[in-house]
Amino acid sequence: MLIRYKRSYEKIAMGLLSFMPNEKDLKKLQQTIKQYETEDDQQLFLWKEEEDIIGIIGLKMSDGVAELQHVSVNPSHRHQGIGRIMVEALKRILKEEYMLKANDETRSFFERCDQVETDSEQE
Ligand SMILES: CC(C)(COP(=O)(O)OP(=O)(O)OC[C@H]1O[C@@H](n2cnc3c(N)ncnc32)[C@H](O)[C@@H]1OP(=O)(O)O)[C@@H](O)C(=O)NCCC(=O)NCCS
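Novice: It is not clear to me how the nonpolar core should be interpreted in this structure. Could you clarify?
Specialist: As a rule of thumb, nonpolar side chains are buried together in soluble globular proteins. I57, L59, L68, L90 and L100 are the most contacted members of the largest nonpolar core, which totals 21 residues. The set of elements that each furnish at least two residues to this core consists of β2 (42–49), β3 (52–62), β4 (65–73), α3 (82–94), β5 (99–102) and α4 (107–122). The dominant element in this core, judged by the number of residues it contributes, is α3, at six residues. Beyond its immediate chain neighbours, meaning those up to four positions away, L68 contacts I57, G58, L59, L90, L100, K101, A102, N103, T106 and F110.

What follows is the structure, given as structure tokens:
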């Protein structure tokens, strides 16, 4: 299930964010987590299964748009649909209030999720 980020998850959140290609530099990563902690328009969610935090997804909100800034899954849990399930769960949370959109860093996976969704609707 998706849960909201809180400070006690800082280390695990940074570990998951560090898999993003644009978060390899430690200073950049520290700045990113700080922004999620302090800026009201940025929101971070974690994916929890049983007691384990295995995924992360981060947004920047503005004028009815939620920009997907980060999406990452622990390498041991990849290729099981968790990335796509997180995106779907997020859409349900955002409801009609915000339209979820990708940015350059998240576009390729986001578009793949849309494709899988369309394919399963057509079956
Ligand atoms: C992208 C990511 C979150 C997917 O997580 P996941 O739980 O494995 O996702 P799903 O199981 O729902 O989907 C897996 C499929 O996504 C596809 N995929 C993985 N990374 C992708 C990418 N960057 N762009 C497009 N498709 C991608 C793979 O083809 C995979 O298909 P397969 O299982 O048939 O091989 C994970 O690979 C990750 O954390 N990557 C590092 C962080 C990152 O680069 N994030 C930005 C991605 S644009």
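Novice: How do you make sense of the pattern of salt bridges when you look at a structure like this?
Specialist: Pairs may arise between side chains of opposite charge once their charged atoms sit close together. A complete count under the given rule lists six salt bridges for this structure. For E37, the salt bridge is made with R7, and the minimal N-O distance between the two is 2.9 Å. Placement of E37 in helix α2 (residues 26–38) and of R7 in the loop between β1 (2–4) and α1 (10–17) is noted, with a sequence separation of 30 residues between them. Taking relative accessible area as the criterion, E37 reaches 23% and is therefore assigned partly exposed. In this structure, the salt-bridge partner of D114 is K91, at a minimum N-O distance of 3.3 Å. Of this pair, D114 sits in helix α4 while K91 sits in helix α3; the two residues are 23 residues apart in sequence, bridging distant segments of the chain. Residue D114 is classed as partly exposed on the basis of its relative accessible area of 31%. What emerges from the salt-bridge pattern is a single network uniting E88, K91 and D114.

Novice: Explain the site of the ligand to me, please; I cannot follow it from the model alone.
Specialist: Among the 18 residues in the neighbourhood of the ligand, the closest are listed as V73, H79, G81, G83 and S108. Between an oxygen atom of the ligand and a main-chain N or O atom of Q80, the distance comes to 3.3 Å. Here a nitrogen atom of the ligand sits 2.8 Å away from a polar atom, N or O, in the side chain of S108. At the level of secondary structure, the elements contributing two or more residues to the shell around the ligand comprise β4, α3 and α4. The class makeup of the residues in the shell around the ligand is seven nonpolar, seven polar and four charged.

The rules behind these values
- Residues numbered from 1 in each chain as written.
- Predicted model: local features only at pLDDT ≥ 70, side-chain atom pairs only at ≥ 80, totals over all residues.
- Heavy atoms only, no water.
- Core = buried A, V, L, I, M, F, W, Y, C linked by side-chain atoms within 4.5 Å.
- Buried < 20%, exposed > 50% of the residue type's maximum accessible area, 1.4 Å probe, protein only.
- Helix = DSSP H or I, 4+ residues; strand = E, 2+ residues; numbered from the N terminus.
- Contact = heavy atoms within 4.5 Å.
- Salt bridge = Lys/Arg side-chain N within 4 Å of Asp/Glu carboxyl O.
- Near = heavy atom within 4 Å.
- Polar contact = N/O pair within 3.5 Å; in protein donor to acceptor, adjacent residues only side chain to side chain.
- Nonpolar A, V, L, I, M, F, W, Y, C, P; charged D, E, K, R; others polar.

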